[in-house]
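Next come the chains, spelled out residue by residue.
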Amino acid sequence: ATSTRKSKEVDTNPNRKILTGLHVLVLSRDKGFADDWQSVLDSVGARVTKRTSNTSRLSQIRMPDLVLTDSSAPTALVQDLRNRDDIPVVSTNWAIQCIINNAKVGYDNFAVPLSSS
């Protein structure tokens, strides 16, 4: 006997643009980190700006919806962001969880404290 039951399709389309419409600023002094995360975020639909230089200021770039950073964020931009509680600053774990869940997840559990040094 042959089975005519169809297997259920699960929406795990890796090409789904889960971050469409989101402008993400990738901040790091590590150019490799910034380049790699720009590629990842681009692939899931985000518009990405990256900054690795300490001379950039927030007022010089298009205002992001979100900042993704590591521990080496350029100081001048960190100072600017400390005054902006309307722009979430998250770790790469946020992007990883979005990809795993195939959906944009909340920011709260992934917030990065901005150091004052």
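The present account deals with the structure reproduced in this document.

Scoring rules and cut-offs
Residues numbered from 1 in each chain as written. Predicted model: local features only at pLDDT ≥ 70, side-chain atom pairs only at ≥ 80, totals over all residues. Heavy atoms only, no water. Helix = DSSP H or I, 4+ residues; strand = E, 2+ residues; numbered from the N terminus. Polar contact = N/O pair within 3.5 Å; in protein donor to acceptor, adjacent residues only side chain to side chain. Contact = heavy atoms within 4.5 Å. Pairing = 2+ DSSP bridges. Buried < 20%, exposed > 50% of the residue type's maximum accessible area, 1.4 Å probe, protein only. Right-handed = clockwise from strand over helix to strand, strands pointing away.

### Quick notes on the side chain of H23
Mapped onto the secondary structure, H23 falls in strand β1 (residues 23-27). Looking at H23, its side chain comes within polar contact range of the side chain of R62, at 2.9 Å. Polar contacts involving the side chain of H23 include one to the main-chain carbonyl oxygen of M63, which spans 3.3 Å. With sequence-adjacent residues up to four places away left out, H23 is seen in contact with R47, V48, T49, R62, M63, P64, D65 and L66.

### A closer look at the sheet that holds β1
Read across the sheet, four strands follow the order β2-β1-β3-β4 without closing on themselves; strand pairing throughout is parallel. Two strands in the sheet have a free side with no partner beyond their single neighbour: β2 (47-51) and β4 (89-90).

### Thoughts on the pairing of strand β3 (residues 66-69)
Here β3 shows no split at all, with L66 and L68 on one side and V67 and T69 on the other all buried. Pairing of β1 with β3, which is carried by four bridges, proceeds in the parallel orientation. Across the sheet, V24 pairs through a bridge with L66, a residue of β3. As paired elements, β3 and β4 share two bridges and run parallel to each other. Bridging from a neighbouring strand, V67 pairs with V89 of β4. Taking the sense of rotation as the criterion, the β-α-β connection linking β3, helix α2 (residues 75-82) and β4 turns out right-handed.

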